Amino acid sequence: MKITSSETIIKSLLFEKIEFIFGYPGGAVLHIYDALFFSKIKHILVRHEQAATHIADGYSRSSTKIGVVLTTSGPGFTNCITGIATSLLDSSSILIICGQVNKNLIAQNSFQEINNLGIILPISNQFFSINCYYNIVYIIKNSFNIFSIKKGPIIIDFPKNLTSSINKNRFKFPFFKNNKKLINKNIFIYFNYSKRPIIVIGGGSVNVYVYNLILKFINNLKIPYVISIMGISGINYRSKFFLGWIGMHGDPIANILIHYSDLLLCISTRLDDRITNSIEKFSPYSKIIHIDLNNDSICKTIKCNIFFKNNILNYLKNFFNFNLKKKWWKKIIFFINFFKYNYKNDFFYCKPQQIIELTFFLSRGKFFVTTDVGQHQMFTAKYYFFNYKKFITSGGLGTMGFGFPCSIGIKFANKNSKILLFTGEGSFQMMMQELSTCKQYNINIFIINLNNQSLGMVKQWQEINYSNRYSNSYVFSLPNFKKLINSYNFFCFNFYKIKLFYIFLKNVIFKNLFFFLNIYIDNKENVFPIQIFNKSMNEFIHFFSLKKYDKKFNFFI
């Protein structure tokens, strides 16, 4: 059977069981859009190409599926760059099919022509440029094989003339078979010297098999563990061995014990600068073992004593023998009780901590939760308790505007699930044009906008480091959110008092409607603790510092 090049693209995607394509049409991809018109794949029209990549990102992260984006050449593709970088740093599987000008016009500064490879190579998992329409089946199949080995964005560049109806080829599957990676099963590691071990778990644990295996491993050894912010919802936070999450705004107990540990077993985490603070002062007393599937993450910022470039499942199946001392657990229990979160409740004004805790209580943790980036992101991570794989946020790149389109993608992947978005007025305005996408496809999301009328995280840093000089961190021209949301025939409500918010939320939270709750919170509330820049893990603002009490608490017994 001979079919056109564009039909080959669509059938190749159908063979990989692709249900949705997220995109925005343009001249260089009109042949593909014409073939898409007759296919069973559903195209979701976004209002901005960056939103398409975030939607595909959320679609992929909340499921086991691949998010596919279709965009035109030039400005269409460059609009995708932020979303591609977000996907790379958070290791999500998205495929971007981008148009390009005709082959004979490449490198001639043609209309809407740009060097896609030169721009995207540093922030992509793989880049393919089609030079012959006979390669289409092979390259698309190869892209999906790469996803099974390593997550991250893959870009396929299609010159327009190679997708036209003139080019026809034979369509035959399978083009080639998947190759299974050889795994060494005979590695045994014994650590009898460790007295203060801790496991550090990253975003790579958000996998159901890994999730169960790690829990069994931890319960057998009775070893304490902490997570990175990307590991939230990838592990059981209800376990008695769980100590919290680490990093700039992480739990004080977790940061302190990382500092005084003598052995860190790091699983699927990059140990980036938001976790480690000062690289030279990070966990100075410990030996570090790093296990990761991604070679690029090994020893990227922190030099490890032992590392394994392979699948973590191999090593967790083997025996780790720790000489775990009771004195270590006694100190852990002491600090768990010492460092309890305390904030002053206010039953009149709205505090972000109360908003998030009440939302968790009323939602019973059943929602998929996503956030934008800023103070509300940190408050959500601290005060909302997540079930498995229910938390999705931009951790690596910290992309403002990520949350709203991501929540749309989660909804497409999980049609019967409830989606809860915590956002801020600054982040929401970056992608608020996707309200039109929600209206067109009847997407119902529950949005809580924590409105402090400022760029909260920037403002907090300016208070701490710049003597309260609020340079461009206040937003004086906010829209009337109620009129904006109502113009799309969605529901919007403003709240100033916590009691009214609670009564309203209790009655509507499980309704299958689009709600936007604009909550005016106390703009003096900041996220604590916050690590002191370029210091060790145990030095932070707002909580009790242990730096000068090393001998008193005697961690080194």
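Just above, that's the structure.
If you're wondering where the values come from, they're calculated on a predicted model, not measured in any experiment. (Residues numbered from 1 in each chain as written. Predicted model: local features only at pLDDT ≥ 70, side-chain atom pairs only at ≥ 80, totals over all residues. Heavy atoms only, no water.)

**A look at the overall build of the protein chain**
Assigned secondary structure in the protein chain consists of 21 helices and 22 strands. Looking at the protein chain as a whole, 58% of its 557 residues are labelled buried. A separation threshold of at least 6 residues defines the contact pool for the protein chain, and within that pool the share at least 24 residues apart is 74%. In the form shown here, the protein chain has an accessible surface area of approximately 24,900 Å², with 54% of it arising from carbon and sulfur atoms. (Helix = DSSP H or I, 4+ residues; strand = E, 2+ residues; numbered from the N terminus. Buried < 20%, exposed > 50% of the residue type's maximum accessible area, 1.4 Å probe, protein only. Contact = heavy atoms within 4.5 Å. Areas by Shrake-Rupley, 256 points an atom, 1.4 Å probe, with all protein chains shown as cover.)

**Some words on the pattern of salt bridges**
Side-chain pairing between opposite charges can occur once the charged atoms of the two side chains come close. One pass over the full model with this rule turns up seven salt bridges. Put simply, Lys351 and Glu525 hold a salt bridge, and the shortest N to O gap is 3.2 Å. A residue pair is termed long-range when its members are at least 10 positions apart, and Lys351 in the loop between helix H12 (326–338) and helix H13 (352–363) and Glu525 in the loop between strand S20 (515–520) and strand S21 (530–531) qualify at 174 residues. Given the relative accessible area of 9%, Lys351 is considered buried. Connected through salt bridges with shared partners, the residues Asp57, Arg61 and Asp90 form a single ionic network. (Salt bridge = Lys/Arg side-chain N within 4 Å of Asp/Glu carboxyl O.)

**Examining the packing of H13 against helix H14 (residues 375–383)**
In contact at an axis separation of 9 Å, H13 and H14 are set at 50 degrees when each is read in the N-to-C sense. One element, H13, and the other, H14, form an angle in the oblique class. Viewed along their axes, H13 and H14 form a crossing whose handedness is right-handed. Along the contact surface, H13 presents Pro352, Gln353, Ile356 and Glu357, while H14 presents His376, Phe379, Thr380 and Tyr383. Residue composition of the contact of H13 with H14, grouped by class: four nonpolar, three polar and one charged. (Axes fitted to C-alpha atoms, helices over the stretch in contact; angles between N-to-C directions. Parallel < 35°, antiparallel > 145°, perpendicular 65-115°, else oblique. Left-handed = near helix turned anticlockwise from the far one by under 90°. Nonpolar A, V, L, I, M, F, W, Y, C, P; charged D, E, K, R; others polar.)

**Side note on helix H18 (residues 456–465)**
Think of an α-helix as turning once every 3.6 residues; residues three or four places apart then point the same way. Residues Gly456, Met457, Lys459, Gln460 and Gln462 constitute the buried set of H18. Considering only its buried residues, H18 is in contact with H14 and S21. Once H18 finishes, Ser467 follows within two positions and takes phi at roughly 50 degrees, a positive value.

**Notes on the sheet that holds strand S2 (residues 20–24)**
What the six strands build is an open sheet, ordered S3-S2-S4-S5-S7-S6; its pairing is parallel. Edge strands, defined here as strands with exactly one partner in the open sheet, are strand S3 (42–45) and strand S6 (126–129). For this sheet, the mean inter-axis angle between neighbouring strands, taken without regard to orientation, is 20 degrees. Bridging between S2 and S3 involves four bridges; their strand directions are parallel. Within S3, the residue paired with Gly23 across the bridge is Leu45. Those strands touched by helix H1 (residues 5–15) are S2, strand S4 (67–71), strand S5 (94–100) and strand S7 (154–159), and its axis lies near 180 degrees from that of S5. (Pairing = 2+ DSSP bridges.)

**Some points on the side chain of Thr86**
Tracing the backbone shows Thr86 in helix H5 (residues 81–90). In contact with Thr86, not counting residues within four places along its chain, are His54, Asp57, Arg61, Ser394, Leu397, Thr399 and Phe402.

**Observations regarding the pairing of S2**
Successive residues of a regular strand alternate their side chains across the two faces of the sheet. Summarising burial for S2: four of the five residues are buried, a large majority. Between the parallel elements S2 and S3, the chain passes through helix H2 (residues 30–37) in a crossover that is right-handed. Pairing geometry for S2 and S4, over three bridges, is parallel. Each bridged residue has a counterpart across the sheet, and for Gly23 the counterpart in S4 is Leu70. (Right-handed = clockwise from strand over helix to strand, strands pointing away.)

**Quick look at the sheet that holds strand S15 (residues 368–371)**
With parallel pairing, the six strands of this open sheet are ordered in space as S16-S15-S17-S18-S20-S19. Taken across any chain shown, the strands that pair with only one partner, and hence form the sheet edges, are strand S16 (391–392) and strand S19 (491–495). Bridge count for S15 against strand S17 (residues 419–423) is four bridges, and the pairing is parallel. Following the sheet pairing, Phe368 is matched in S17 by Ile419. Contacts between H14 and the sheet are confined to S15, S16, S17 and strand S18 (446–451), with S15 contributing the most and set at about 150 degrees to the helix.

**A short note on a positive patch on the surface**
Judged by side-chain charge, Lys195, Lys326, Lys327 and Lys330 come together as a positively charged surface patch. Looking at the element boundaries, Lys330 is found in helix H12. Since its relative accessible area comes to 61%, Lys330 is described here as exposed. (Patch = residues over 30% accessible without salt bridge, like charges linked within 9 Å, V, L, I, M, F, W, Y side chains within 5 Å. Lys, Arg positive; Asp, Glu negative; His and termini not counted. Charge placed at Lys NZ, Arg CZ, Asp CG, Glu CD.)

**Concerning the side chain of Ser93**
Of note, Ser93 is situated in the loop between H5 and S5. Other than its neighbours up to four places away in sequence, Ser93 contacts Ser60, Ile66, Gly67, Phe147, Lys151 and Gly152.

**Here we look at a nonpolar patch on the surface**
Residues Ile464, Ile532 and Ile541 make up a contiguous nonpolar surface patch of about 190 Å² in total accessible area. For Ile464, the location among the structural elements is in helix H18. Note on Ile464: relative accessible area 33%, which makes it partly exposed.

Fair warning: the whole summary comes from geometry, so function is off the table for now.
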